[in-house]
Amino acid sequence: MPANRTHQYARETAASTLLSGVHDRERREERDIDKVDLQRARRYGMKEDGKKGREKYTYGGVVFIYDPRRNVAITSWKIGEASKRSGTNVTTPIMLEKHKFESKEQKKEMKYQHKRLTLLLNEEEGKSQWTSHSVLVIDMSGSMRADDVNGARCRSDGVWMSLARDYVEDLLTKGLRGPNDLISIVAMKEEAEVIIKCEPTSWTLYNKLIELRECRKLKPSSHGFYLPAIAKAEELLTYNTSASCALSLLFFSDGKPSDPKPDHPVIVSNMGKLASKFGRRLSVSCIGMAEKSADFSTLEDMVEEAKQYGSIASFGKPSLDADSLSHIISGLASSLTTSRTEMTELRTGELRQVRMDIVREKLHTLDSEGTWKNYAVDDESRYVWNFWAWTFNGRRTGGFTKIVSRRCMHCYSEDELHSCADCKAAFLCRGCFREGNTFVDHKASNYGFESECDSLLKRIAMGSLLHKEEEQIPSFCIAVKDQAFGEGAERIVRKVRFLDPANGDYIGPIMVAKESRFAGEYHTQMAYHKNFMRTQDIAACFGRRFNDALDEAEKYFNAASQAFIRGLPRIVFIEPMVVELIDNESEKNILIERYLVGDYKKFNSNMGFVEDEVKKLVEQMNNLGVGVTSEPQQGIDLGIIEEGSEEEEETDDEDEDEGGEELFDSKEVEPGEGDYGDLQDAYFPQAFSHFSYERSRGNFMVVDLQGVFSVKDDGSKVYELTDPVIHQHDRLRRRSRRHDHNRGSKVGKKWNFGRTDRGINGMKAFFETHKCTDACRLLGLSEVDAEDV
């Protein structure tokens, strides 16, 4: 918030001269209170009603009693020294005017409409219309009276002022909030009191916040207990059972809680339980309103606990300054806007329902803790139906390919299988084979139609049926953990294990299941998986071309250099699969891929973030004394996209399988000039993104590279990546529209990479931060100016 934004306003004084009675003069002289202090208090002080029609003002550590009927000061006294370094002794407080309606009638009508709308939105049918709900917990203990905040009359006043100005007024003025965004406020004292419950954001609510700055309705006093405040916040956050609104919890306090010390773990645990109910849908922000030396450990632990369950959580410690607090609150308002955007379907503007069947576990929970659900052949109500992969040939967008099921075609057992000698895609188990079952019927034609064996052979030849090695799919029985251990903008993540059909033991690699965090029907989920698998498979094709290019570059160097080049990192995208499951007669599907073990990192993003560039910037800023963090905002270690959510447009498989120009440029690698003395492993993710742009003739770019860098037992180095983003140049969209218009088909269906595809803007953002290294020069890549993209 700009420092000069002060809303210069003060109460009008009825007379230019303040009269002082004998008693008042004696008390001021006795207590060393200047008459000017009383004038300032009447103009800027916190006002409350006194006895016998008098008014009580508190300002600058002084309380004085004033009779407005006679314009006479009655008495005054000090309540403690105001800070000499900050607060009203240093700056004039920022005073905000109430919103002025055009007439008294309009003001009355707006108050009525606000009250009426509040009632309607709190009915069950009205709750589905909520876009967001912010619960604000404000510490109103006695210590919040401290007059040490520049631009405010005390700590609590600074909170109310910033909320009114930055969380309501600004957003209403900019059109970023409206009546469907609800606000609740809890006053934290010895007991928690709800002073505003689920009211729409409006100018009437803004005026209420202005009134709360005064002491007429609410005054800092006594103690502030966290436990009842968190309990009351939970009541409010769970009040609306509709799962389509974004949630935010803002917790303001000036230090450690008044709760007994043994309750500290309970406070933190309760925050974790609250976060586990909502995960990423809930953003939690704790703001410490006190000097730097204050004990904020409880607030910080609350934030860390919320993060452990997937909530977007932050701790803010503003300087004792209203503008510093405004910066933090404005940022929190932006976070809520981001959450609302995530939950909105871009094509229709409708709110998406977050799944409420998700049970979340704390990060780093052991696999032995929690519950698992088995899908096994001996369970008739719960079993695996099919595995699916994705195929892409470089000219077409590809399609789902069913994976050969290595199970007995009679009883679905996996025990000592015998395969058909011709198609290798039909099996008999040991038991059925001993009972005399053979492949005769399988190979026989049926009334002139092709046999099942011939049908399978044809599908294998056409690429619609695919064999997978046993190392990739050790069995067709799996176990899925009930508790999700990760959550991103679009997906939740669970652990998955293959099961030994004979004894139920875990076998094979650890897998993860990625499912949409939004409610949807079976086919909607499959469309979601299609977008993910297509993007990852195309990225994997670019990865193979990149690795081939490194191999080609060897021929330009001597034997020693060739050995060095063979030791440079390669790019590999792990292969996902979709598993169709039957669970109590209902169909469901999950996307699974191998769990990446190691130090998971994001190497670049879909809007220009580059890991090394950020680290250099952080180092420079820290040298200048500016504290920043080098961690990009991202999810947990599983490739959960944060920059934006993905949204699948309707597609027709027929259109997707149509031919087109080659995706890749097949030119040979010609390394650029240089001594290549600086080929660092860290350069290769950025070089790969650059390579994908140049080798696709500037039509595509693979970014948002995230995963694990590892050195294998044989010494080879590899970046194993997942969840990439592909940018498509805008000229392809224009060309696709012209082509589709001429054919009379739907627009832009050929290449659809979802909302994370930022097109030419994403490409420009990459080249604005990318600096070519020896890795780029080794591959013969050209320097690219962002303006030329």
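Anything mentioned here points back to the structure above.
Residues numbered from 1 in each chain as written. Predicted model: local features only at pLDDT ≥ 70, side-chain atom pairs only at ≥ 80, totals over all residues. Heavy atoms only, no water.

**Student:** Account for the packing of aromatic side chains, with residues named and values stated.
**Tutor:** Within a pair of aromatic rings, the relevant descriptors are the distance that separates the centres and the angle that separates the planes. Inspection of every chain in the model, using the stated rule, returns 22 aromatic pairs. The interplanar angle of 85 degrees and the centroid separation of 5.1 Å between the aromatic rings of F603 and Y719 together place this pair among those described as edge-to-face. Residue F603 is found in the loop between β27 (600-602) and α16 (611-623), and its partner Y719 is found in strand β30 (residues 717-722); the two are separated by 116 residues along the sequence. Here the aromatic cluster, defined as three or more aromatic residues joined through ring pairs, consists of F546, F573, F688 and F691. Lying over the aromatic face of F518, R352 brings its terminal NZ or CZ to 3.8 Å of the ring centre. Here K495 stacks its cationic end above the ring of F485, 5.3 Å away from the centre of that ring. (Phe/Tyr/Trp six-rings, centres within 6.5 Å; stacked < 30°, edge-to-face > 60°. Helix = DSSP H or I, 4+ residues; strand = E, 2+ residues; numbered from the N terminus. Lys NZ or Arg CZ within 6 Å of the ring centre and 35° of its normal.)

**Student:** Outline the pattern of salt bridges, listing residues and values.
**Tutor:** A complete count under the given rule lists 53 salt bridges for this structure. Across the pair E211 and K98 runs a salt bridge, and its minimum N-O distance is 2.7 Å. Taken together, the positions of E211 in helix α6 (residues 203-212) and K98 in the loop between β5 (72-78) and α3 (104-121) put the pair 113 residues apart, joining distant regions of the chain. For E211, a relative accessible area of 28% corresponds to the partly exposed category. For K98, a relative accessible area of 37% translates into the label partly exposed. The partner of R355 in a salt bridge is E515, and the shortest N-O contact between them spans 3.2 Å. Placement of the pair is R355 in the loop between α10 (322-342) and β12 (359-360) and E515 in strand β23 (residues 506-516), with a sequence separation of 160 residues. Residue classification places R355 among the buried positions, given a relative accessible area of 13%. Look at the salt bridges and you will find they share partners, linking R280, E342, R360, E487 and R517 into a network. (Salt bridge = Lys/Arg side-chain N within 4 Å of Asp/Glu carboxyl O. Buried < 20%, exposed > 50% of the residue type's maximum accessible area, 1.4 Å probe, protein only.)

Interpretation note: all reported values are geometric properties and have no functional meaning in isolation.
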